[in-house]
Amino acid sequence: MNLSMPEEQELIYHIDGSDRICAVGADWAEFALANDGTAALPEKVLGRSLWDFIEDANVRELYRQIVLRVRSGYPAQFEYRCDAPEWRRRFRMTIRAGKDGTVEFLSQLIRAEPRPRVDMLDVKATRSEQWVSVCGWCQKVALPDQSWVPVEEAAPHLGLLAEEALPKLTHGICPPCHLDMLTQLVPTDELPGHSPESDMSSVSDPMPDQGCLTSNHDEP
Ligand SMILES: [Zn+2]
C-alpha cells in the first residue's frame with residue numbers, strides 16, 4: 001500500500017431495514033471532502049435511501065441482490081477501483097448484516113499508486129451536458145459505440161480536445177465486471193464444503209463503488 005495516500009482509508013456506512021442510510025463512519029466527511037464529494041456529506045446523506053445514490057439500473061439491481069443475500073446470511077466481499085485524479089486506487093468492499101435488517105458497507109483502501117493526472121476524474125473540472133458512464137469496478141469508460149476503455153485513455157477516445165469541457169460521469173458497470181459480479185451471486189451454499197462466509201470473497205481483477213458512492217454523484 002502506498003503510504004503517501006491520505007489517511008482516510010476506511011469508509012463505512014449503514015442502512016436500516018428500509019434501506020435508508022442511518023449511520024456513516026467518522027472518516028466519511030473527511031473522505032467526502034478530500035474527494036470533493038460535497039453531495040455526500042453526512043448531513044446530505046443520512047436518512048436518504050441508498051437507492052437514491054445509485055443511478056445505473058444494472059448497478060442498482062446488483063446491489064439489491066447483494067443486500068438481499070447479505071440479509072439472508074451471506075456476507076459479501078469484492079474489490080473495486082475508485083480512482084482519484086492522480087491516484088489509481090483499489091478498495092475492498094465488505095457488506096454484512098447487522099441487527100434489525102441493518103446492513104453495513106465497509107470500504108477499505110487496499111492499494112494506491114500514483115499515476116499521471118486524469119482530468120476526467122477531477123470533480124472540480126468544468127463539465128459539459130454530455131454524460132458518460134464509468135465502470136464502478138474497473139474505472140473503464142463507456143464510449144458511444146458501447147466499447148469500454150481505461151479512464152486514462154477515455155478523453156482522446158471521446159474525441160475531446162484539451163480545452164473542451166469534460167463530460168459528466170455517472171457510475172455504471174461494464175459487461176465483464178457485471179458478469180463477474182453476477183457469477184459471484186450464484187448461490188453456492190449448497191456446494192459441499194462451502195460456507196456462507198466465503199461467498200464472494202475471492203474476486204479476480206477487475207472488481208465498487210461502491211463504489212464511489214462518495215463522489216461524482218452530481219445527478220442531473
Ligand atoms: Zn468494469
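This one's a predicted model, so the numbers in the text were calculated from it and none came from an experiment.

**Examining the overall build of the chain**
Within the chain, the regular secondary structure consists of five helices and nine strands. Its helices and strands in sequence order give the chain the pattern β-β-α-α-α-β-β-β-β-β-β-α-β-α, from N to C terminus. Expressed as a percentage of the 220 residues in the chain, the buried residues total 37%.

**Considering helix α3 (residues 57–71)**
Between the first and last C-alpha of α3 there are 21 Å, a value that for 15 residues agrees with the 21 Å anticipated at 1.5 Å per step. Residues of α3 that are buried include every one of Val 59, Leu 62, Tyr 63, Ile 66, Val 67, Arg 69 and Val 70, and no others. For α3, the angular spread of buried residues about the axis comes to 160 degrees, placing them on one side. Seen from the open side of α3, the exposed residues pointing more than 90 degrees away from its buried face are Ala 57 and Leu 68. Looking at the buried residues of α3, the elements they touch are β3 (76–81), β4 (87–97), β5 (103–114), β9 (166–172) and α5 (175–185).

**Points about α5**
Along α5, the positions that sit buried rather than exposed are Cys 177, Asp 180, Met 181 and Gln 184. End-on, the buried residues of α5 take up no more than an arc of 90 degrees, which puts them together on one face. Structural note: α5 exposes Pro 175, Leu 179 and Thr 183 on the side pointing more than 90 degrees away from its buried face. Those residues of α5 that are buried are in contact with α3, β3 and β6 (127–135).

**Thoughts on unusual backbone geometry**
Its identity is not glycine, yet Asp 19 carries a phi of approximately 65 degrees, on the positive side. Inspection of the secondary structure assignment puts Asp 19 in the loop between β1 (10–15) and β2 (21–24). Phi angles above zero are rare outside glycine, and Gln 139 is one such case at about 70 degrees. Its location among the elements puts Gln 139 in the loop between β6 and β7 (140–142). Judged by the 29 C-beta atoms lying within 10 Å of it, Gln 139 falls in the buried class.

**What about the nonpolar core?**
One broad trend across soluble globular proteins is that nonpolar side chains are buried collectively. Counting residues in each nonpolar core, the largest one holds 47 residues, and the members touching the most others are Ile 66, Val 70, Ile 95, Cys 135, Val 151, Ile 173 and Cys 177. The element best represented in this core is α3, accounting for six residues. The contacts of Ile 66, once residues within four sequence positions are left out, are Ala 76 and Ile 95.

What counts and what doesn't
- Residues numbered from 1 in each chain as written.
- Predicted model: local features only at pLDDT ≥ 70, side-chain atom pairs only at ≥ 80, totals over all residues.
- Helix = DSSP H or I, 4+ residues; strand = E, 2+ residues; numbered from the N terminus.
- Buried ≥ 20, exposed ≤ 12 C-beta atoms within 10 Å, placed from the backbone.
- Expected span 1.5 Å × (residues − 1).
- Arc of directions from axis to C-beta.
- Contact = placed C-beta atoms within 7 Å.
- Core = buried A, V, L, I, M, F, W, Y, C linked by C-beta atoms within 7 Å.

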